[in-house]
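Okay, here's what each chain looks like letter by letter:
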Amino acid sequence: QQQVKQSPQSLIVQKGGIPIINCAYENTAFDYFPWYQQFPGKGPALLIAIRPDVSEKKEGRFTISFNKSAKQFSLHIMDSQPGDSATYFCAASLNQGGKLIFGQGTELSVKP
Amino acid sequence: DVKVTQSSRYLVKRTGEKVFLECVQDMDHENMFWYRQDPGLGLRLIYFSYDVKMKEKGDIPEGYSVSREKKERFSLILESASTNQTSMYLCASSLIGLALGEQYFGPGTRLTVT
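Here the structure is a predicted model, which means the values were calculated and not measured.

Considering the interface of chain A and chain B
Contacts between chain A and chain B engage 19 residues on the former and 22 residues on the latter. Summed over both partners, the interface of chain A with chain B buries about 1,600 Å², with 55% contributed by carbon and sulfur atoms. Inspection of the region where chain A meets chain B yields 1 salt bridge. With a closest N to O distance of 3.9 Å, Asp59 of chain B and Lys99 of chain A form a salt bridge. At the boundary of chain A and chain B, one finds 4 residue pairs in polar contact (both at pLDDT 80 or more). The set of elements that each furnish at least two residues to the side of chain A that touches chain B consists of strand S4 (33-38) and strand S10 (100-102) of chain A.

Structure follows, in structure tokens:
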């Protein structure tokens, strides 16, 4: 019940495409859902986050869509660029922070 | 800028050795975390600490221990390294009470146990 399941494990898109990464959770008590971005040789860094009282959040080319009834959330990257090539992790937590439970990660490659 | 540093980027140890991984953060954060990252498994929490001398087990604490004697420093200890502990180890820190709970990560230590 504490797991967060992420798919796909890897994704290849052409420049300008819209990659979509999906996550699903079981614990309805989760109240904070961040996405982290990790470049090779670096630690993950917070990209964007959402709380369950909204269905969508957009920051620049990155959008989180949240479906509370389905217990799913997803990351969309508009007009993807080669510089977006990285590993993306979704996560969830209780009590708006503190301990995070991460998904399995998605390795995204954007081809020029 | 928050900075989280880890003592080594790469480490090679032999089976049975005692291994220390050090993490230091410079932003006076209360929370500190140790994760291991393995392909297909994501980031799994080993231990975390909410304050000096306080620690709590994460999801995979077996074979590990931690020490937090000072607020800025959090050490991960492998008492007797085994080959199944070959992994990337990531340290993170965050503020207590920060509404969005952002964690700041170090660059990681890639540990190989032979």
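Structure shown, so let's carry the discussion forward.
Section: the pattern of salt bridges
Working definition: two side chains of opposite charge can pair if their charged atoms are close together. Residue and element names in this part refer to chain B. Tallied over the entire structure, the rule returns 10 salt bridges over all chains. The shortest N-O distance in the salt bridge between Lys53 and Glu69 comes to 2.4 Å. Of this pair, Lys53 sits in the loop between strand S5 (42-49) and strand S6 (56-57) while Glu69 sits in strand S7 (residues 64-70), placing them 16 residues apart in sequence. Judged by its relative accessible area of 51%, Glu69 falls in the exposed class. Look at the salt bridges and you will find they share partners, linking Arg36, Asp38 and Arg44 into a network.

Notes on the sheet that holds strand S1 (residues 4-7) of chain A
Across a sheet, paired strands are connected by hydrogen bonds in the backbone, their directions being either parallel or antiparallel. Residues and elements named next belong to chain A. Spatially, S1-S3-S8-S7-S6 is the arrangement adopted by the 5 strands of the open sheet, whose pairing is antiparallel. Since the sheet does not close on itself, it has two edges, and those belong to S1 and strand S6 (56-59), each with one partner. Mean inter-strand twist for the sheet, computed between neighbouring axes without regard to direction, equals 15°. With 4 bridges connecting them, S1 and strand S3 (residues 20-25) associate as antiparallel partners. Looking at S3, one finds that Ser7 is bridged to Asn22.

Examining the pairing of S3 of chain A
Residues and elements named next belong to chain A. Taking every second residue as pointing to the same face, the buried face of S3 carries Ile21, Cys23 and Tyr25, while none of Ile20, Asn22 and Ala24 on the other face is buried. The pairing of S3 with strand S8 (residues 72-77) spans 5 bridges and is antiparallel. Across the sheet, residue Asn22 finds its bridge partner in S8, namely Ser74.

What counts, and where the lines are drawn
- Every chain begins its residue count from 1, and numbering advances along the sequence as written.
- Chains and ligands are labelled sequentially in the order written, the chains with letters from A and the ligands with numbers from 1.
- Restriction of local features to residues with pLDDT of at least 70 applies here, the model being predicted, together with a cutoff of 80 or more for giving and counting side-chain atom pairs; totals for whole chains, interfaces and linings are based on all residues.
- The side-chain numbers reported here are obtained from all heavy atoms of the structure, hydrogens and water having been left aside.
- Two residues qualify as a contact provided that any one of their heavy atoms is within 4.5 Å of a heavy atom in the partner residue.
- By definition, the buried area sums, over both parts, the 1.4 Å-probe accessible area that each loses when the two are put together.
- Salt bridges are defined as contacts in which a side-chain nitrogen from Lys or Arg sits within 4 Å of a carboxyl oxygen from Asp or Glu.
- Throughout this description, a polar contact denotes any pair of N or O atoms lying within 3.5 Å of each other; where both atoms belong to protein, one of them has to be capable of donating a hydrogen while the other can accept it, and for residues adjacent in sequence the pair is counted only when both atoms sit in side chains.
- By definition, any uninterrupted DSSP run of H or I lasting at least four residues is a helix, any uninterrupted run of E lasting at least two residues is a strand, and each is numbered from the N terminus.
- Burial classes follow relative accessibility: with a 1.4 Å probe on protein chains only, a residue under 20% of its type's maximum area counts as buried, one over 50% as exposed, and anything between as partly exposed.
- Strands are treated as partners if at least two bridges between them are detected by DSSP.
- Lines fitted to the C-alpha atoms define the axes, with helices restricted to the stretch that makes contact. Angles between their N-to-C directions range from 0 to 180 degrees.

By themselves, these are just geometric observations and shouldn't be taken as functional.
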